[in-house]
Amino acid sequence: TKQSSFATSDIRNCTTSSPFLPPTVTNTSSQLNALRQRMQFYNISAYIIPATDAHMSEYIAERDARLAWISGFTGSAGTGVVTTKKAALWTDSRYWIQAERQMDCNWELQKIVWTDSIGEWLLQEIPAGENIGLDPFLFSIDLWNSYAHVLQGSSRTLVPIEDNLVDLVWGSQRPPLPTSEIYLLPETFTGSTWQEKVSGIRSQMEQHSRSPTAVLLSALEETAWLFNLRGDDISYNPVFYSYALLTTSDISLFVDRNRLSAEALQSLSALCPGPLCVQVEEYDQVRASVQAYAQGDVRVWIGTEYTTYGLYGVIPQDKLVESSYSPVMTTKAVKNTKEQALLKAAHVRDAVAMIQYLLWLEKNVPKGSVDEFSGARYVDKLRREKEHCRGASFETISASGLNAALAHYRYQWSTSGDAADFSFCCRDGTTDITRTVHWGEPTPFQKEAYTRVLMGNIDLARLVFPSETSGRMVEAFARQALWKVGLNYGHGTGHGIGNFLSVHEWPVGFQTKNVPLVKGMFTSIEPGYYQEGEFGIRIEDVALVVEAQTKAYLTFEVVSLVPYDRNLIDISFLSEDQYLNTYYETIRQRVGPELQRRQLEEEYEWLRRNTQPFSRGTLVATSLGTLAITSLVSTLLPDRQA
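Thresholds, definitions, all that
- Residues numbered from 1 in each chain as written.
- Predicted model: local features only at pLDDT ≥ 70, side-chain atom pairs only at ≥ 80, totals over all residues.
- Heavy atoms only, no water.
- Helix = DSSP H or I, 4+ residues; strand = E, 2+ residues; numbered from the N terminus.
- Buried < 20%, exposed > 50% of the residue type's maximum accessible area, 1.4 Å probe, protein only.
- Areas by Shrake-Rupley, 256 points an atom, 1.4 Å probe, with all protein chains shown as cover.
- Pairing = 2+ DSSP bridges.
- Core = buried A, V, L, I, M, F, W, Y, C linked by side-chain atoms within 4.5 Å.
- Contact = heavy atoms within 4.5 Å.
- Expected span 1.5 Å × (residues − 1).
- Bend = angle between axes of the 7 residues up to and from the residue.
- Salt bridge = Lys/Arg side-chain N within 4 Å of Asp/Glu carboxyl O.
- Disulfide = S-S within 2.5 Å.
- Lys, Arg positive; Asp, Glu negative; His and termini not counted.
- Polar contact = N/O pair within 3.5 Å; in protein donor to acceptor, adjacent residues only side chain to side chain.
- pLDDT = per-residue confidence, 0-100.
- Axes fitted to C-alpha atoms, helices over the stretch in contact; angles between N-to-C directions.
- Parallel < 35°, antiparallel > 145°, perpendicular 65-115°, else oblique.
- Nonpolar A, V, L, I, M, F, W, Y, C, P; charged D, E, K, R; others polar.

Topic: the overall build of the chain
- Each helix and strand counted, the chain has 21 helices and 26 strands in total.
- By the burial criterion, 58% of the 642 residues in the chain qualify as buried.
- Looking at the chain as shown, the accessible area adds up to about 26,200 Å², and 49% of this sits on carbon and sulfur atoms.

Quick look at the structure:
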């Protein structure tokens, strides 16, 4: 009861004559008034503001957080639209409560995220004959075309405005450009030299049916991976502002030259002159250089998911070679043998930190001496102490009680663990793991929900499927145990993961636009369940796509090595299959020696206790067809919808 009361008192209420606004809300009146004045000057009736940058990045630098500055909403996914009279935000279910905690009553929250819904809203709010503005360098080709399609024939015009209106209003308060060093990743931590990678991409260009003469790279991960360079321009992501144009005979890297370390410059110029010589050009010259190159007898290969409409527009249509993703993006997604070994090693060290943390929580939570903030700081400290660690790959999600019902909760929003999502970047790999724990006596429903989430994780992890199967074709295996009793979760089931790159690495995963799964890809598997205002559950592991025993088929090898909370597992729902016991034996074999090497004896004993085999006698052989306590669910939650 106390938690449910808190859940309603920390979000805005705009329905009363005197609206209630929690202290986490940002007053956006002055920003909106200034933006509307700019809109009037440019003769537009609506302005669309995405939560991305000129490279279509999911996580962005503070200077690119335009949507956060204008609306107060800091989630990583969302779109804002400002008209002369209204302001509205679209975001997915992960962020609905966050938005209600952060936005003032100037903003409407729209809970449908499709581009069509934004377009339909614009058709209702904007009269025919008027203009809708946007920054062409903040919209991918595909997204621009989606808006154009929705508005086609409506007598409303999409107007590209290269002067970003939010930036003009933000003015001198906008954070400056980064100045930190861009450095070379040591060869020990790279799967191939950058020269080998360039040669491989050129081979793909030669084999392409349209024989492109160049590849344009816009995503920050692409240039970082291709040239084995890293930076710190975006928090938690070791990337840097850059573009690249790779032709059959030349290489241009568009970046602030003054920021490149001496070692990086030497690496890029070691084979100059020649086809493996990198010419460094100014970052803001990319559009002019691409436009000049496109005047010749050329064909430019682009990935439409990451190339902005602003760059796309300077290349003549007959000289474009389009695919959803560039060859660099798809090549990067398939790790070679060395890259796989590096990522696995990072996950062993990550498991050590996680086990240290879980033992610490076990000791201190019953004393009442741990909150979400101190827990997050402690696990971050443990990870920073590990070899090769360069810091977290996103801000630790440390959530307890009702806050755990928010899939991407940040502890700053509350003064207040049940669910904790951790990741860190090492020079040999990026990790991502979520564990949900309970100190006390969980309710029968909490145990069932947790066990069904675990069943979904296991069902997908042990699946055998044909090579090049689309992830979206198998995603339902992670949900079916929940679906059986009318439960579900509102986020994706998994995403790719990089080698000392972004924690969410496209195009691998289980969504519609992800590429087919092939051997060598890494993906997370992360089903969950979130009971709003009460508790949340997510179980996330990273897995490598490997060959199955069945010829020409694939399966997953889980490389996350941290046991699940035995206190939350209802073994009566588990089949007689020995998957869990086999997984726990793998944890003991791989992580146990590392704990002993570090002389972490107490942690080693914790590992032994928590990976004890489940007795075959207590595992009830059941199938999903008979897994049901529907009567319990309907009694507890009679109006539940999946």
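Notes on the pairing of strand β3 (residues 87-90)
- Side chains of β3 alternate between two faces, with Ala-87 and Leu-89 and Ala-88 and Trp-90 buried alike.
- By the bridge criterion, 4 bridges tie strand β2 (residues 79-83) to β3 in an arrangement that is antiparallel. Looking at the pairing, Val-81 lines up with Ala-88 of β3.
- Where β3 meets strand β4 (residues 107-110), 4 bridges bridge the pair, whose relative direction is parallel. Within the sheet, the bridge partner assigned to Trp-90 lies in β4 and is Gln-110.

A few points about helix α9 (residues 220-227)
- Among the 8 residues of α9, 8 are classified as buried, and the element is accordingly described as predominantly covered.
- Of the positions making up α9, those classed as buried are Leu-220, Glu-221, Glu-222, Thr-223, Ala-224, Trp-225, Leu-226 and Phe-227.
- Positive backbone phi, at 55 degrees, marks Asn-228, one or two positions downstream of α9.

As for the nonpolar core
- Counting 75 residues, the largest nonpolar core has Phe-556, Tyr-564 and Val-591 as its most contacted members.
- If one sorts the elements of this core by residue count, helix α14 (residues 337-364) sits on top with 11 residues.
- The contact partners of Val-591, leaving out residues within four places of it in the chain, are Ala-351, Val-352, Ile-355, Leu-561 and Leu-607.
- Of all hydrophobic cores here, the second largest spans 43 residues; its members include Trp-194, Ile-234, Val-239 and Leu-246.

Quick word on helix α19 (residues 579-597)
- For α19, with 19 residues, the first-to-last C-alpha span of 27 Å sits near the 27 Å given by 1.5 Å per residue.
- At Val-591, α19 is bent by approximately 35 degrees, the largest bend along its length, and proline Pro-593 sits one to four residues beyond.
- Tyr-579, Leu-580, Asn-581, Tyr-583, Tyr-584, Ile-587, Val-591, Gly-592, Glu-594 and Leu-595 are the residues of α19 that are buried.
- Looking at the packing, one finds that the buried side of α19 touches α14, β18 (429-436), α16 (444-461), β25 (541-547), β26 (553-558) and α20 (601-610).
- Looking one or two residues past α19, Gln-599 carries a phi angle of roughly 60 degrees, positive in sign.

Some points on the pattern of salt bridges
- Per the counting criterion, the structure on display carries 29 salt bridges.
- Among the ionic pairs, Arg-101 bridges to Asp-10, the shortest N-O distance being 2.5 Å. With Arg-101 in helix α4 (residues 96-102) and Asp-10 in the loop between α1 (2-9) and α2 (29-41), this residue pair connects regions lying 91 residues apart in the sequence. The two residues Arg-101 and Asp-10 agree in class, both being buried.
- Residue Glu-125 is joined to Lys-86 by a salt bridge in which the shortest nitrogen-to-oxygen separation is 3.1 Å.

Brief notes about the state of the cysteines
- A full pass over the atoms with the stated rule returns 2 disulfides.
- Disulfide pairing is shown between Cys-14 and Cys-105; the S-S distance is 1.9 Å. Between Cys-14 and Cys-105 the sulfur-sulfur dihedral comes to about -90 degrees; the bridge is accordingly left-handed. Of this pair, Cys-14 sits in the loop between α1 and α2 while Cys-105 sits in the loop between α4 and β4, and the two are 91 residues apart along the sequence.

Notes on the side chain of Arg-202
- Note on placement: Arg-202 falls in helix α8 (residues 194-207).
- Although Arg-202 is buried, it makes no salt bridge; Asp-250 carries the closest opposite charge, 6.6 Å away.
- Polar side-chain contacts of Arg-202 include one of 2.9 Å to the backbone oxygen of Thr-247.
- If we skip the residues at most four places from it in the chain, Arg-202 touches Leu-246, Thr-247, Thr-248, Ser-249, Asp-250, Ile-251, Pro-275 and Leu-276.

Some remarks on the confidence of the model for the chain
- Confidence along the chain averages 88 in pLDDT terms, with 88% of residues attaining 70 or more.
- Note on residues 1-7: pLDDT under 50 across the span, and 11 contacts to partners over four residues away in sequence or across chains.
- The low-confidence segment residues 412-417, where pLDDT is below 50, has 18 contacts with residues more than four positions distant or belonging to other chains.

Topic: the packing of α19 against α20
- Contact geometry of α19 with α20 gives a least axis separation of 9 Å together with a crossing angle of 175 degrees. Between α19 and α20, the interaxial angle falls into the category roughly antiparallel. Counting all contacts with α19, which are made through Tyr-584, Ile-587, Arg-588, Val-591, Gly-592, Leu-595 and Gln-596, the residues of α20 involved are Glu-601, Glu-603, Tyr-604, Leu-607 and Asn-610.
- The residue inventory of the contact of α19 with α20, partitioned by class, reads 6 nonpolar, 3 polar and 3 charged.

What about the packing of α14 against α20?
- For the pair α14 and α20, the least separation of the axes is 10 Å and the interaxial angle reads 85 degrees. Judged on the interaxial angle alone, α20 and α14 are roughly perpendicular. Contacts from Ile-355, Gln-356, Leu-358, Leu-359, Glu-362 and Lys-363 of α14 reach α20 at Glu-602, Glu-603, Trp-606, Leu-607 and Arg-609.
- Of the residues contributing to the contact of α14 with α20, the split by class is 5 nonpolar, 1 polar and 5 charged.

Points about the sheet that holds β3
- Overall, mixed pairing links the 6 strands, which are arranged β4-β3-β2-β1-β5-β6 in an open sheet. A single partner strand is all that each edge strand has here, and the edge strands are β4 and β6 (157-160). Here the average twist between neighbouring strands, direction ignored, is 25 degrees.
- Here 2 bridges tie strand β1 (residues 46-50) to strand β5 (residues 131-134), and the two strands are oriented parallel to one another. Within β5, the residue paired with Tyr-47 across the bridge is Gly-133.
- Its contacts with the sheet put α2 on β1, β2, β3 and β4, and the angle it makes with β2 is roughly 70 degrees.
- On the sheet, helix α6 (residues 141-151) packs against β1, β2, β5 and β6 and is oriented at approximately 150 degrees with respect to β6.

Comments concerning the sheet that holds strand β13 (residues 300-303)
- Strand order in the open sheet made by the 6 strands is β12-β11-β10-β8-β13-β14, with mixed pairing throughout. Looking at which strands have only one partner, the edges of the open sheet turn out to be β12 (278-281) and β14 (320-323). On average, each strand axis in the sheet is inclined to that of its neighbour by 20 degrees, with strand direction left out of account.
- In this structure, strand β10 (residues 243-247) lies alongside strand β11 (residues 251-254), joined through 4 bridges in antiparallel fashion. Bridge pairing links Leu-246 to Ile-251 in β11.
- Of the strands in this sheet, β8 (214-217), β10, β11, β12 and β13 touch α8, which is tilted by about 60 degrees from β10.

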